[in-house]
Amino acid sequence: RGIGCCRSIILKAGALLRSSHEIPRREAEGRKRNEILVVDFLNVEKSYLSEKMIKDIHNAGKKVWVWTVNSEDEMEKFVDMKVDGILTDDILTLKNYLKEKSEEILKYSNIIK
């Protein structure tokens with residue numbers, strides 16, 4: 001019954017991402033340039049995110065969230081790409097989309113049986 005906390009980093013378009021998905025800390029923070037920041041998940045700006053990046057992040061044992069996704073078309077795109085979370089300004093649209101998607105999945109799973 002508390003608020004959970006995770007270590008995360010936000011990636012914007014143009015950010016460098018090592019193949020192992022370890023993120024160098026900024027020099028401005030007073031640390032060595034090559035010091036590594038260990039994170040639990042990555043928040044990636046939607047225009048920068050690709051299926052390959054998602055796969056690489058998952059293969060590194062991390063989760064990936066995308067931001068800021070406000071249209072249903074984009075929501076569908078990123079759910080299909082298997083992101084672990086979506087940040088949005090339009091929570092009602094996301095909630096309705098996920099409800100419809102889960103009903104569709106349940107309906108399909110009953111057909112397969």
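A. Summary view of a negative patch on the surface. A cluster of acidic residues, Glu72, Asp73, Glu76, Glu100, Glu103 and Glu104, forms a negative patch at the surface. Elements supplying a minimum of two residues to the negative patch: α2 (72-80) and α3 (91-112).

B. Expanded view of the packing of aromatic side chains. For the coordinates displayed, the defined rule picks out 1 aromatic pair. Their ring planes at 35° and their centres at 5.8 Å tell us that Phe41 and Trp65 sit as a pair that is tilted. Highlighted residues: Phe41 in strand β4 (residues 41-45) and Trp65 in strand β5 (residues 63-67), separated in sequence by 24 residues. With relative accessibility at 16%, the residue Phe41 sits in the buried group. The partly exposed category is assigned to Trp65, whose relative accessible area is 30%.

C. Region of the structure containing the side chain of Glu45. Within the secondary structure, Glu45 sits in strand β4. Although buried, Glu45 forms no salt bridge, and the nearest oppositely charged side chain, Lys46, lies 5.9 Å from it. Within polar-contact distance, the side chain of Glu45 engages the side chain of Ser47 at 2.3 Å.

D. The pairing of β4, seen in detail. Taken across its 5 residues, β4 has 5 buried, putting it largely inside the fold. Of the two faces of β4, the one lined by Phe41, Asn43 and Glu45 and the one lined by Leu42 and Val44 are each fully buried. When β4 meets β5, the two strands line up parallel, connected through 5 bridges. Looking across to β5, one finds that Glu45 is bridged to Trp67. This β-α-β element, β4 to helix α1 (residues 51-59) to β5, shows right-handed connectivity.

E. A look at the confidence of the model for the chain. Mean pLDDT for the chain: 74, with 63% of residues reaching 70 or above. For the chain, per-element mean pLDDT is lowest for strand β2 (residues 23-24), which scores 47, and highest for α2, which scores 94. This model gives residues 1-5 a pLDDT under 50, and the stretch forms 0 contacts once residues within four places in sequence are excluded. Scored below 50 in pLDDT, residues 13-28 shows 33 contacts in the model against residues more than four places distant or in partner chains.

Rules and cut-offs
Residues numbered from 1 in each chain as written. Predicted model: local features only at pLDDT ≥ 70, side-chain atom pairs only at ≥ 80, totals over all residues. Heavy atoms only, no water. Patch = residues over 30% accessible without salt bridge, like charges linked within 9 Å, V, L, I, M, F, W, Y side chains within 5 Å. Areas by Shrake-Rupley, 256 points an atom, 1.4 Å probe, with all protein chains shown as cover. Salt bridge = Lys/Arg side-chain N within 4 Å of Asp/Glu carboxyl O. Lys, Arg positive; Asp, Glu negative; His and termini not counted. Charge placed at Lys NZ, Arg CZ, Asp CG, Glu CD. Helix = DSSP H or I, 4+ residues; strand = E, 2+ residues; numbered from the N terminus. Phe/Tyr/Trp six-rings, centres within 6.5 Å; stacked < 30°, edge-to-face > 60°. Buried < 20%, exposed > 50% of the residue type's maximum accessible area, 1.4 Å probe, protein only. Polar contact = N/O pair within 3.5 Å; in protein donor to acceptor, adjacent residues only side chain to side chain. Pairing = 2+ DSSP bridges. Right-handed = clockwise from strand over helix to strand, strands pointing away. pLDDT = per-residue confidence, 0-100. Contact = heavy atoms within 4.5 Å.

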